[in-house]
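Coordinate analysis (summary)
Below, each chain spelled out in residue letters.
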2 protein chains.
Amino acid sequence: MDGERARDVTIYDVARAAGVAASTVSRTFSRPGRVNAATAERVRQVADTLGYRTNPLARALSTARTHMLAVLVSDIGNPVYGEMVRGVQSVATQAGYTVLLADSQESDRTERAALERALPSVDGIVLAGSRMSDAAIRVIAKQKPVVVLGRAVVDVPSVVPDNARGAREVAAHLAGLGHSALTYVAGPAASWADGVRWRALLEAAEELQLRLRRTGPSSPDVAGGVRAAAELLAQPTSAVVAYNDQLAIGVVRGLRGRGVRVPADVSVVGFDNVGAAELVTPGLTTVAAPLQAGGAAATRALLAMVQGAPGSTGAPVVLPVRLVVRGSTAQRSRKSTSPASRTTTVSASAAQASTSTDAGSR
Amino acid sequence: MDGERARDVTIYDVARAAGVAASTVSRTFSRPGRVNAATAERVRQVADTLGYRTNPLARALSTARTHMLAVLVSDIGNPVYGEMVRGVQSVATQAGYTVLLADSQESDRTERAALERALPSVDGIVLAGSRMSDAAIRVIAKQKPVVVLGRAVVDVPSVVPDNARGAREVAAHLAGLGHSALTYVAGPAASWADGVRWRALLEAAEELQLRLRRTGPSSPDVAGGVRAAAELLAQPTSAVVAYNDQLAIGVVRGLRGRGVRVPADVSVVGFDNVGAAELVTPGLTTVAAPLQAGGAAATRALLAMVQGAPGSTGAPVVLPVRLVVRGSTAQRSRKSTSPASRTTTVSASAAQASTSTDAGSR
DNA sequence: ATGAAAGCGCTAACAC
DNA sequence: GTGTTAGCGCTTTCAT
């Protein structure tokens, strides 16, 4: 590739060629104004022709500021995290920071290792979908500025979607459609969001006089949903709320596969509003969280801390959510809620579409 | 956050405490074996109790090896890139490298800027979905090890899916179903993959005696597909091949929205096998590329170059693809290929499912 | 406004 | 095997 170890063009090279001291060159780039306009111009000129690029690592060594931020996700292949990272990226880049990505691949050990490696090179960390315990996170937060995204950790600045409000809106929506009993299909047992959603649903159900059942935990993917659908048949309901969209989509599949019509027989709601939610048939009613905005907000908070702000350790920043109504929810049918005969062909109330309050999902 | 500028625990601190020279400490960590086992043990011990962590930036400054790799993507929110990045991540991490993410946000200027900033901090770069011209890429490849992913650039090591073979398989599949004329819905005009797919389709069509039309270019998203569907109606075909899955899904939507049945009236095929492909109704027949494997392969090649390998500037590495047959393609109906009456309700041949050759898509 | 010199934390020669 | 001594490229006092 490179012929012979091409040494960088250094500040000294520029200094010599411009007939000034190294410190002057340094000032020209980091502290303009503290240097004579004419000199600065000349230096810049020379630097340009010499092809000088300031070396961020050397700068970091001497300033103890790397201008890098780490974002830790549990699975970058998951579009939910992709969106968050995108938000982080844009804010970081704008502020002159570089983003270092650490993917824990859903494993605790990998996560720790990734963190260990990234830590000394960054000025701060965004933890999105961490597997670590609250305590472990607090320990890290003591060493470096940390902002947690998508989960509230006491004593650590956090940014979370308004899950509670989302759950309440879902309950109200379903109640408005005449449903009187809901079933919640829980996600991973350890999930913070799952807990919040369930509890909010519980409160809302009480307020609205709805009966509420819970099933699960399930792995938060389509397969998990299909399995959950089987259980659902044992104790039929007219409305199910799933921990997330993947699970909800699986539930719809499982239900339909067994001859239950959605939404005619059962309404289904998810959380997240992933891209697929509007592509499936029927479109999935879901609670949309501002993923990208969340990443951006977390990063702004992080940068503030990096630049010396106290780090608001009070209540977490709560991001507004939005109920996106699509075809998977409908008026409760007056018919019994028991599964239709399995011989019935899956008739198409398919012609669902666009009543959707939906906006730009991608 | 931190009370008072906590200076790092340095190699000197450890050296003093262990009663050895700094270089010995250094060796203990970077070149074990070159140091007395007993001494090494003691050093490690001391380092541990002191909480010493070697500073990668300082190390980089002195060795000119940062142990960081940059991966440039055009949109990290796009699951296709997410998968690739995941592949990059795992290989890089395994090899002790850290990944620096640069998202060009589909903009040339952002891409250049991101690259400029990342370049001096990394040992090599994976370019996934770059907007830059081949020439520009070659320039960069002269300065730093570069591997291009998903596109072949002459004189620069590249890793690409076997688009040509994919296109041929699609043509054969469709021909096998009795289709005699295909329409290709092109993606972005500037896309390298689009060109390859089109040309391969052209050859295959000739071989198989199929008529082939082309429409587009279209923006490679669902909306673009819906628009393309309108054009399609003007000159009906029984089979359409779209540049990618999003576009294909859009086409299916557009077609169905206008009363054309898929696959009964028209078969539709996409490329990529994104997650949504198996979730839509009917499931989308598509060409699956090993995204993650691609990221991994590119990274392995990059690491080899970083470690001094020549950088195979010959033919690109070609990754095998796989045709995933789902419900969106079917035997050509003997009926005319003209669109069904628009008044016809969208009847459900919906009961598609699982004939699919599909395996693990996520 | 500019220059000189010391040092960030680590590694790489080169002695011993 | 281990210690000594220079730097890597940049910023930062402290002088001037």
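Calculation criteria
- Residues numbered from 1 in each chain as written.
- Chains lettered and ligands numbered in written order.
- Predicted model: local features only at pLDDT ≥ 70, side-chain atom pairs only at ≥ 80, totals over all residues.
- Heavy atoms only, no water.
- Least-squares fit on C-alpha atoms with pLDDT ≥ 70 in both.
- Contact = heavy atoms within 4.5 Å.
- Pairing = 2+ DSSP bridges.
- Helix = DSSP H or I, 4+ residues; strand = E, 2+ residues; numbered from the N terminus.
- Axes fitted to C-alpha atoms, helices over the stretch in contact; angles between N-to-C directions.
- Buried area = accessible area lost by both parts, 1.4 Å probe.
- Salt bridge = Lys/Arg side-chain N within 4 Å of Asp/Glu carboxyl O.
- Near = heavy atom within 4 Å.
- Polar contact = N/O pair within 3.5 Å; in protein donor to acceptor, adjacent residues only side chain to side chain.
- Nonpolar A, V, L, I, M, F, W, Y, C, P; charged D, E, K, R; others polar.
- Phe/Tyr/Trp six-rings, centres within 6.5 Å; stacked < 30°, edge-to-face > 60°.
- Buried < 20%, exposed > 50% of the residue type's maximum accessible area, 1.4 Å probe, protein only.
- UniProt positions renumbered as here; feature names shortened; annotations may be inferred.
- Core = buried A, V, L, I, M, F, W, Y, C linked by side-chain atoms within 4.5 Å.
- pLDDT = per-residue confidence, 0-100.
- Parallel < 35°, antiparallel > 145°, perpendicular 65-115°, else oblique.
- Left-handed = near helix turned anticlockwise from the far one by under 90°.

Per an unreviewed UniProt entry, chain A carries the name Transcriptional regulator, LacI family and comes from Modestobacter italicus.

1. Focus: the relation of the copies chain A and chain B
By a simple turn and slide, chain A fits onto chain B: the slide is 0.0 Å along the axis, the RMSD is 0.1 Å, and the turn is 180°. Taken together, the rotation angle and the small translation identify this as a two-fold axis. The share of interface residues of chain A whose copies in chain B are also at the interface is 100%, consistent with both copies meeting through the same surface.

2. Here's the deal with the sheet that holds strand β8 (residues 239–242) of chain B
Residues and elements named next belong to chain B. Strands sit in the order β7-β6-β8-β9-β10-β12 across an open sheet of six strands; the sheet is mixed. Of all strands in the sheet, those with a lone pairing partner are β7 (211–215) and β12 (322–324), marking the two edges. The mean inter-strand angle of the sheet, taken between neighbouring strand axes irrespective of direction, is 20°. In terms of strand pairing, β8 meets strand β9 (residues 267–272) through three bridges, oriented parallel. Bridge pairing in β9 links V240 to V268. Contacts from helix α8 (residues 163–176) reach β6 (181–185), β8, β9, β10 (285–288) and β12 within the one sheet, and its direction differs from that of β9 by about 165°.

3. Brief notes about the interface of chain A and chain B
Facing the 54 residues of chain A at the interface are 55 residues of chain B. Of the roughly 4,600 Å² buried where chain A meets chain B, counting both sides, 59% is carbon and sulfur surface. Counting every contact that joins chain A to chain B gives four salt bridges. Here R86(A) ties to D75(B) by a salt bridge, and the two come within 3.3 Å at their closest N and O atoms.

4. So, the protein's contact with DNA strand C
Surveying the vicinity of DNA strand C reveals 29 residues, the closest of which are R27(A), T39(A), I11(B), Y12(B) and S62(B). A distance of 3.4 Å separates a base oxygen of DNA strand C from a polar atom in the backbone of S62(A). Taking R27(B), its side chain carries an N or O atom lying 3.2 Å from a base nitrogen of DNA strand C. With four residues, helix α4 (residues 56–63) of chain B is the single largest residue contributor to the surface near DNA strand C. Grouping the amino acids of the surface near DNA strand C by side-chain chemistry returns eight nonpolar, 13 polar and eight charged.

5. Re the packing of aromatic side chains
All names here are of chain B. In the structure shown here, the tally under the stated rule is four aromatic pairs over all chains. On the basis of an interplanar angle of 35° and a centroid distance of 5.7 Å, the ring pair of Y184 and W198 is categorised as tilted. Here W198 lies in helix α9 (residues 192–208) and Y184 lies in strand β6, a separation of 14 residues in the sequence. Both residues of the pair, Y184 and W198, count as buried.

6. Examining the UniProt feature "domain: HTH lacI-type" (unreviewed entry) in chain A
Mapped onto this structure's residue numbering, the UniProt feature "domain: HTH lacI-type" (unreviewed entry) falls at residues 9–63 of chain A. Structurally, residues 9–63 of chain A is divided into 71% helix and 0% strand, and its ends, taken at the C-alpha atoms, are 20 Å apart.

7. A word on the nonpolar core
Of all hydrophobic cores here, the largest spans 148 residues; its most connected members are L255(A), V268(A), L255(B) and V268(B). Not counting chain neighbours up to four residues away, the residues in contact with L255(B) comprise A229(B), L232(B), L233(B), V260(B), V262(B), V266(B) and V268(B). Counting residues in each nonpolar core, the second largest holds 46 residues, with V148(A), L72(B), L119(B) and V156(B) among its members.

8. Points about the confidence of the model for chain A
Residues and elements named next belong to chain A. Across chain A, pLDDT averages 88, with 90% of residues at or above 70. Here residues 1–5 is modelled with pLDDT under 50, and outside its nearest four sequence neighbours on either side it reaches six contacts, counting other chains as well. A low-confidence stretch, residues 336–362 (pLDDT under 50), is modelled with 43 contacts involving residues beyond four sequence positions or located in other chains.

9. Section: the packing of helix α10 (residues 222–234) of chain B against helix α11 (residues 245–257) of chain B
Residues and elements named next belong to chain B. For the pair α10 and α11, the least separation of the axes is 6 Å and the interaxial angle reads 50°. When the axes of α10 and α11 are compared, the pair comes out oblique. Crossing hand, α10 versus α11: right-handed. Contact residues: α10 offers V222, G224, G225, V226, A228, A229, L232 and L233, while α11 offers Q246, L247, I249, G250, V251, R253, G254 and L255. Residue composition of the contact of α10 with α11, grouped by class: ten nonpolar, five polar and one charged.

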